[in-house]
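Inside the fold
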Amino acid sequence: MYGFNATLGLPFDEAIERVLAALKLEGFGVLSDIDVQRAMKEKLGVDMPPYRILGACNPTLAHKALQAEPDIGLLLPCNVVVRQETESHVTVAFIDPLVMMGMVDKPEVQAVAKDAEQRLRRICDGLIH
C-alpha cells in the first residue's frame, strides 16, 4: 500500500475541520487545497461526493529534506485526501512518506520520511479515537 486511512462518522465539513486541526498539532500546514468535486463539476459537468486533496507540509521536515536532496520537491507535499463515502461517513487517507521517499537513496531523506510517517500516523490514529 502507498497510504493509510481512517473512517470518521462525521459530516464532511466537520471532518475537514478536524483533519486541519490535527495536522496543525503535528506541525503541518496546508499549502494546497484541491476541491476535486468542484473541479469535476466545472470541467466535466460530473457530479460526485465531496472530495478534497490537502497538500500538507511540515516546514521543518521539508527544509531538512530539501537540504539533503534539492529535487525532493517533486515528492512534496504529503497529500491527505478527505472524501465523503456517505452522509455521515468520511474517509481520510494519508500518503505514506516512507513509500513515497523510498526511491531516494539518502539516509537523511529516509530519516525525514520516517519522522513525517510517524506524525501522519499519529494524526490518523487520533482521528479515530
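To keep things clear, this report deals only with the structure shown in the data block. (Residues numbered from 1 in each chain as written. Predicted model: local features only at pLDDT ≥ 70, side-chain atom pairs only at ≥ 80, totals over all residues. Heavy atoms only, no water.)

**Side note on the pattern of salt bridges**
This is how it is decided: Any carboxyl oxygen of Asp or Glu that lies within 4 Å of a side-chain nitrogen of Lys or Arg is treated as forming a salt bridge with it. Under the DSSP-based scheme used, a helix requires at least four consecutive residues in state H or I and a strand at least two consecutive residues in state E, with every element numbered from the N terminus. Note on classification: 1.4 Å probe, protein chains only; a residue is buried when its accessible area is under 20% of the maximum for its type, exposed when over 50%, partly exposed between these limits.
If you walk through the whole model with that rule in mind, you get nine salt bridges. Aspartate 96 is the salt-bridge partner of arginine 121, the closest N and O atoms lying 3.6 Å from each other. Of this pair, arginine 121 sits in helix α5 (residues 107–128) while aspartate 96 is found in the loop between β5 (89–95) and α4 (97–100), placing the two residues 25 residues apart along the sequence. Across the pair glutamate 117 and lysine 114 runs a salt bridge, and its minimum N-O distance is 3.8 Å. One end of the pair, glutamate 117, and the other, lysine 114, are both in helix α5, three residues apart, so they sit about a helical turn from each other. Glutamate 117 gets classed as buried once you look at its relative accessible area, which sits at 8%. Salt bridges here are not isolated pairs; linked through shared partners, they connect Asp96, Lys114, Glu117 and Arg121.

**A closer look at the sheet that holds strand β3 (residues 51–57)**
Stated formally: For two strands to be treated as a pair, DSSP must find no fewer than two bridges joining them. All axes here are fitted lines through C-alpha atoms, helices being fitted over the stretch that makes contact, and every angle between N-to-C directions spans 0 to 180 degrees. Pairs of residues are marked as contacts when any of their non-hydrogen atoms sit within 4.5 Å.
An order of β1-β5-β4-β3-β2 is seen for the five strands of this open sheet, with the pairing classed as antiparallel. Of all strands in the sheet, those bounded by a partner on one side alone are β1 (3–8) and β2 (29–35). The average undirected angle you get between the axes of adjacent strands in this sheet is 20 degrees. In this structure, strand β4 (residues 78–86) lies alongside β5, joined through six bridges in antiparallel fashion. Following the sheet pairing, valine 80 is matched in β5 by phenylalanine 94. Packing against the sheet, α5 makes contact with β1, β4 and β5, and its axis sits at approximately 20 degrees to β1.

**Brief notes about the environment of valine 99**
Examined against the element boundaries, valine 99 turns out to sit in helix α4. Taking the C-alpha atoms as reference points, valine 99 and tyrosine 2, separated by 97 residues in sequence, lie 6.0 Å from one another. Residues in contact with valine 99, not counting those within four places in the same chain, are Met1 and Tyr2.

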